[in-house]
Structure formats: structure tokens, C-alpha cells
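# Structural features, examined
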Amino acid sequence: MIRRNKNKNKRIVQLAFAALLLLEDTKFPSENLPLCFAVFQHDLQEMEDELFTDPHYFAMRAQEAQAKNDWTTAERFSFLEREGFSEHWDPYVRLGQIYFQQAKHAEATANITKALELIYKSWREDQEYLDFETVEGIEQIADLILARDRSEYLKRLNQYAYGLLYFCGTASIDTVIKEIKALGCFSADFQFNEFLSSVVDCGMIKIKGDVLYHPDVQDPSVILEELSRRGIAQKNHFSLSVLKLAEEKRIQEFFFDIEESMEDLDDDLLDFTDGEFGLVEIYEELRKDVTGRRHHDLLLDRFIQERNPHIKDLLEAITLIWNHFPRWELSGRSPSQMDQKRTREGKLPEWDLNVTKFKVPADNLPPTLPKIGRNDLCKCGSGIKYKKCCGR
């Protein structure tokens, strides 16, 4: 009972402080003055929720004071913003900056740490309405406030580079640096040598000469030769959010956005293959094929030999993924996007290069195929025994 009264009195003081501050604020809308007077009468049930319904006013006033280096006023309005927006990171970021400017390091550290906790919680739970550019912006503020080593900044750049290579497979170091900088959300510059050194230290990305490539890529020169043959310049086509999702291995969340039915397709594929292949697993198998249909055919051969009863559905799903998902040999674009581009340029689609259509067998029963022995050489041409290659 004593604690409840104590908390109630504390709440009254907080609300009275808010009302007093607003009464002194010449920019506060006059029609809301009765609300402030209600605070002093302790009419909490009538006005408490109403006073803190829209914290954006407090945020605006805090920003104005911060711009004028009026730290006291900025702090007060940031407190009010936090009161009505306690689960959002913005007021904590602002308080972290305010305290940092005043050399109050403990307070600055506590607030920026809380801001990072809240924004990453939001990113994990529902990234649909949050751009990772916002997260990176707060990370850069935290770099300053927390006096982080520069390696932390470079480590994040490596994560984005890994995400980029997930879609384009391989690229020169210069291209990767150029495309990351083109995202436009990095206040601190970085140079070739220190970025290359950080790539080596992090160990996330493979290096061959002046070329970086994703760990799933067996031979980066094949992709580069194919890009040259097709006359395609390498470029990043994705936002920082998508690159981060790829780095975190949450890429299905991006794939679901391509088409509403993709989430159902993921569930169906898992059902058709007894949980072995979902949307991402099928995609990652198909994208290995940069010059033809070898991996596509190997995957279908496997389903046919296993006499999978869902072979028609699997064929349709594989066709959809092949045609509409990013491919290494197209520098992260999908075949359908390439055809749309060629159509806009007045050129006929090159079906043999960009989009492959697969004919579904007329009969659901798979044809009889010669059985591959586990100790036979793999039919993919790798020169390795089947059991240690595609038969794994």
C-alpha cells in the first residue's frame, strides 16, 4: 500500500513537471492548456493518457533545443518523449547524444546502450517497418559515444559485403567497396587496404587475388567470365536491410516480399521434401548453376529417383524460383528482371540465356533412370565419387 501511494505520488510529480514545462512553452497549442491545469488538480484518469498520446511534439521541441545547444531544455523534452514513447529508441539516442556533449559519460553510455537494445529487438521481431539504415546510423553514434575501436565499424561493413556477395556471388574488391559506399549511410570513410585487412581478419568472405567471393562459390572466375560474356556490369540492387537479412541468414523474409504466395511456397516445399528443402535451400542449390541447367537437373533427378509423388509441384516451384530470384550470373538480378530490361530496350528476350522454362512430365510416374552407384563418379562432372559430391 505504501509503495503504491509512493509510486502514485511520483507519477503526479512527473505529470506536474510535464504540465509546468508546457505552460512555459510559448509554442504549446493554447487549446491544450486546460489539460495542463488538470494535471495540477491531480485529475490523473482524465488526462494522463491524453497528455502523452503524441510524443512527437516533445521530440520536435527536444530537437530544436539540441540544435541550439540548449542541453537543459533538450534533456527535459527528451524525458517527456521517453515517458510517452518508452519502447522506442529515439529518445534514448537523443539523451545519449545530449549527455555525451555534456561529458556525462555514464549517462550517455546507458542511454545509447538502451537504444541499441530496443532497435535490435524491433529488427529481430518485425523488420518490415524498419530500415537497417536507421540501425547503422545509431551504430555510428554508438561508435562515438562508446569510443569503440574502428574494427567494430569495419566488421559491420564486412557483414554488408557478405550480404552483397550472397546475391552476386563474386566481385572485385573495388566494386564491393564502391557499391557499399553507394548505399549512402556511412559517415566515416574507409579505404581499400584497411577494408581488405578487415576481410582477412573476419574470415566471412573468401579472397582470390583482388576478387572477393561468397563461401558457396566454387570458382569465382566462372561467374566473372559469364558476366563478361553476357555484357553485364556488376552492381548492387538491394537495400542495406536486404543485405543484412542475407548476412543473418533470414533471407526468406525478403523472398516472401517478392510475392505474397512465397511464404506458402516455403511451407509447401518443406512438406513435399519431408523438411529437407525449403524456399532458401532450393534457391541456394539452383544459383550454383551459372552457365546452364546442371544443378537444376541434378536436383530434379534426385526427386525423380526417389519417386517423389509431388514431382509436378516441385517442377513448377523450381521454375518459379529459377526465373524470379536473384542469380549470380546476372549480378543479383533475376532472369525475369533481365527480360523486362531487354523488352524496354526493344530487344527480344534471350530465353536460352535468361529464362529457362521446364516441361512438366506428362505422367506423374518418373521415367526409369540408371541407378548411380555411391562409388561411381558423379554425373555432374566434378570427378569426385557420387557419395562425396551430389549424393551427400
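In this text the structure is predicted, and so the values were computed from the model without any measurement. (Residues numbered from 1 in each chain as written. Predicted model: local features only at pLDDT ≥ 70, side-chain atom pairs only at ≥ 80, totals over all residues. Heavy atoms only, no water.)

A few words now on empty space enclosed by the protein. Using the criterion set out here, one finds one cavity of 30 Å³ or more in the structure. Volume-wise, the largest cavity comes out at about 30 Å³. Elements supplying a minimum of two residues to the lining of the largest cavity: α9 (150-168) and α10 (173-181). In the lining of the largest cavity, the residues fall into three nonpolar, four polar and two charged. (1 Å grid on protein atoms, 1.4 Å probe; cavity = no way out; pocket = protein on both sides within 12 Å on 5 of 7 lines; lining within 4 Å. Points joined across faces, edges and corners; volume = space filled by probe spheres on them. Helix = DSSP H or I, 4+ residues; strand = E, 2+ residues; numbered from the N terminus. Nonpolar A, V, L, I, M, F, W, Y, C, P; charged D, E, K, R; others polar.)

As a further point, take the packing of helix α6 (residues 90-101) against helix α7 (residues 105-125). α7 packs onto α6 with a crossing angle of 160 degrees between their chain directions and a minimal axis gap of 8 Å. By the angle between their directions, the pair α6 and α7 is classed as roughly antiparallel. When you trace α6 past α7, the crossing you get is left-handed. Of the residues in α7, those in contact with Tyr-92, Val-93, Leu-95, Gly-96, Tyr-99 and Phe-100 of α6 are Glu-107, Ala-108, Asn-111, Ile-112, Lys-114, Ala-115 and Leu-118. Along the lines of polarity and charge, the residues of the contact of α6 with α7 split into nine nonpolar, two polar and two charged. (Axes fitted to C-alpha atoms, helices over the stretch in contact; angles between N-to-C directions. Parallel < 35°, antiparallel > 145°, perpendicular 65-115°, else oblique. Left-handed = near helix turned anticlockwise from the far one by under 90°. Contact = heavy atoms within 4.5 Å.)

Here we come to the confidence of the model for the protein chain. Low pLDDT marks regions whose predicted coordinates should not be analysed in detail. Put simply, the protein chain has an average pLDDT of 79, and 72% of its residues get 70 or more. Of the regions scoring below 50 in pLDDT, residues 1-8 engages in one contact with residues more than four places distant in sequence or in other chains. The low-confidence segment residues 348-369 (pLDDT under 50) makes 45 contacts with residues lying over four places distant or belonging to another chain. (pLDDT = per-residue confidence, 0-100.)

On to the pattern of salt bridges, then. All told, the structure shown has 22 salt bridges when counted by the stated rule. Taken together, the shared-partner salt bridges in this structure form one network comprising Glu-136, Glu-139, Asp-143, Arg-148 and Arg-156. (Salt bridge = Lys/Arg side-chain N within 4 Å of Asp/Glu carboxyl O.)

Right, let's get into the packing of aromatic side chains. This structure, assessed with the given rule, holds 15 aromatic pairs. Ring centres 4.1 Å apart and planes at 25 degrees place the aromatic pair Phe-167 and Phe-238 in the stacked group. In this pair, Phe-167 is assigned in helix α9 and Phe-238 in the loop between α12 (220-230) and α13 (240-247), connecting sequence segments 71 residues apart. Summarising the burial analysis for this pair, Phe-167 and Phe-238 share the class buried. With 4.4 Å between their ring centres and 45 degrees between their planes, Phe-255 and Phe-325 make a pair best called tilted. Note that Phe-255 is positioned in helix α14 (residues 252-258) and Phe-325 in the loop between α18 (311-324) and α19 (335-344), a separation of 70 residues in sequence. Joined through ring pairs, the aromatic side chains of Tyr-166, Phe-167, Phe-238, Phe-254, Phe-255, Tyr-283 and Phe-325 make up one cluster. Here the guanidinium or amino end of Lys-181 rests over the ring plane of Phe-190, the centre of that ring lying 5.1 Å away. Across from the ring centre of Tyr-166, 4.3 Å away, lies the NZ or CZ of Arg-287, which sits over that ring. (Phe/Tyr/Trp six-rings, centres within 6.5 Å; stacked < 30°, edge-to-face > 60°. Buried < 20%, exposed > 50% of the residue type's maximum accessible area, 1.4 Å probe, protein only. Lys NZ or Arg CZ within 6 Å of the ring centre and 35° of its normal.)

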